[in-house]
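# Structure at a glance
Chain residues, written in single-letter form:
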Amino acid sequence: ETFHAVIYWGARSNNTHGSGIDTGIILTQIALERLAYEYSIGSPEKEDAYNKLTRASDKFRFLFSHLEIPQNIPSNFMKIKELAVQEGFVDAPHFLTELRNSMVHPDNKRRHLFTELYPDAWRLGMWYLELAILKICGYEGTYGNRLSDEHWVGQVEDVPWSNKRRNDVV
């Protein structure tokens, strides 16, 4: 049931031509929050730790850290990095949740800060969703990294948690 729901939200968020990129950002975060919650269920230690979290960004960090997915803002997302420094966003989960909050809460005074960042924010959220699904499924191969500014069809790299990637770094 969880994967059905997550794939449903992910597919809907990937169809930005039909619903818009702003809707895609929100739907991606719905899927990520569902994954984070479901991932914590079943292990008393994970569930206890998860239940103590109140912020969506902390729940994303919980999921991404357990799945070995990087949480830093990618270096090629310069405008997001600049805004993060300006506004005190500590990492990508913090940025994504603040952007989402600016969209869905009518009294949010920072809404204007994010509008030109929607395309990159959408790519970042979808990247997290895709990697989370791959990791939970036990995938260890290569994937098409949508964060690359010069990505072309067929270009792939090792997933971040790959043993091959770790051995190349060491």
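Refer to the structure above for everything that follows.
Predicted model, so just to flag it, every value in this text is computed and none were measured. Positions within a chain are numbered from 1, following the residues in the order the chain's sequence is written. pLDDT decides what is reported in this predicted model: residues at 70 or higher carry local features, side-chain atom pairs at 80 or more are listed and counted, and totals for whole chains, interfaces and linings draw on all residues regardless. Derived side-chain values reflect all non-hydrogen atoms in the structure, with water molecules and hydrogen atoms excluded from consideration.

## A closer look at the overall build of the protein
What counts here: Numbering of helices and strands runs from the N terminus; a helix is a DSSP stretch of H or I covering at least four residues, while a strand is a stretch of E covering at least two. Here the globule rule reads 2.2 Å times residues to the power 0.38, and the radius of gyration is calculated from C-alpha atoms. Exposed residues in this analysis have more than 50% of their type's maximum accessible area, buried residues have under 20%, and partly exposed residues fall in between, with area computed by a 1.4 Å probe over protein chains only. For this analysis, residues touch if any pair of their heavy atoms sits within 4.5 Å. All accessible areas in this document rest on Shrake-Rupley with a 1.4 Å probe, and a residue is counted as covered only by the protein chains that are shown.
Tallying secondary structure elements over the protein gives 10 helices and two strands in all. Over its C-alpha atoms the protein spans a radius of gyration of 16 Å, differing by no more than 12% from the 15 Å that the globule rule assigns to 170 residues. Looking at the protein as a whole, 42% of its 170 residues are labelled buried. In the protein, once contacts between residues fewer than 6 apart in sequence are set aside, the share between residues at least 24 apart is 56%. Split by element, the accessible area of the protein, about 9,300 Å² in all, is 52% carbon and sulfur.

## Some details on the nonpolar core
To keep it simple, the criterion reads: The term nonpolar core refers to a set of buried residues drawn from Ala, Val, Leu, Ile, Met, Phe, Trp, Tyr and Cys, joined through side-chain atoms within 4.5 Å.
Counting 41 residues, the largest nonpolar core has I69, F95, L99, L124, W127 and Y128 as the members making the most contacts within it. Of all elements in the fold, only α3 (21–40), α5 (56–66), α6 (78–87), α7 (92–104) and α9 (118–136) reach the threshold of two or more residues within this core. The greatest single-element share of this core, amounting to 11 residues, is contributed by α9. Not counting chain neighbours up to four residues away, the residues in contact with L99 comprise I25, F114, Y118 and A121.

## Observations regarding unusual backbone geometry
Phi is positive for E68, close to 60 degrees, though the residue is something other than glycine. Structurally, E68 is set in the loop between α5 and α6.

## Side note on the packing of α3 against helix α4 (residues 44–51)
Quick note on the threshold: As a rule, the C-alpha atoms of each element are fitted with a line to give its axis, helices using only the stretch in contact, and angles between N-to-C directions run from 0 to 180 degrees. For classification purposes, angles smaller than 35 degrees are called roughly parallel, those larger than 145 roughly antiparallel, those between 65 and 115 roughly perpendicular, and all remaining angles oblique. Gly falls in the polar group here, along with every residue not listed as nonpolar (Ala, Val, Leu, Ile, Met, Phe, Trp, Tyr, Cys, Pro) or charged (Asp, Glu, Lys, Arg).
Taken N-terminus to C-terminus, the directions of α3 and α4 make an angle of 135 degrees; their axes are 7 Å apart at the nearest point. Taken as axis vectors, α3 and α4 run oblique relative to one another. Between α3, through E33, A36, Y37, Y39 and S40, and α4, the contact on the second element is made entirely by K46, E47 and Y50. When its residues are assigned to classes, the contact of α3 with α4 shows four nonpolar, one polar and three charged.

## A few points about α9
To keep it simple, the criterion reads: A helix is expected to reach a length of 1.5 Å times the quantity of its residues less one.
A rise of 1.5 Å per residue sets the reference length of α9, with its 19 residues, at 27 Å; its end C-alpha atoms lie 27 Å apart and thus fit the reference within 8%. Looking one or two residues beyond α9, the residue adopting positive phi is G138, at roughly 80 degrees.

## A short note on the packing of α7 against α9
This is how the line gets drawn: Rotating anticlockwise by less than a right angle from the far helix to the near helix defines a left-handed crossing, while the corresponding clockwise rotation defines a right-handed one.
One way to put it is that α7 packs onto α9 with a least axis distance of 11 Å and a crossing angle of 125 degrees. Classified by the angle between their axes, α7 and α9 sit oblique to one another. Note that α7 runs across α9; the crossing there is left-handed. Contacts from A92, P93, F95, L96, L99 and M103 of α7 reach α9 at Y118, A121, L124, G125 and Y128. For the contact of α7 with α9, the per-class residue count stands at 10 nonpolar, one polar and no charged.

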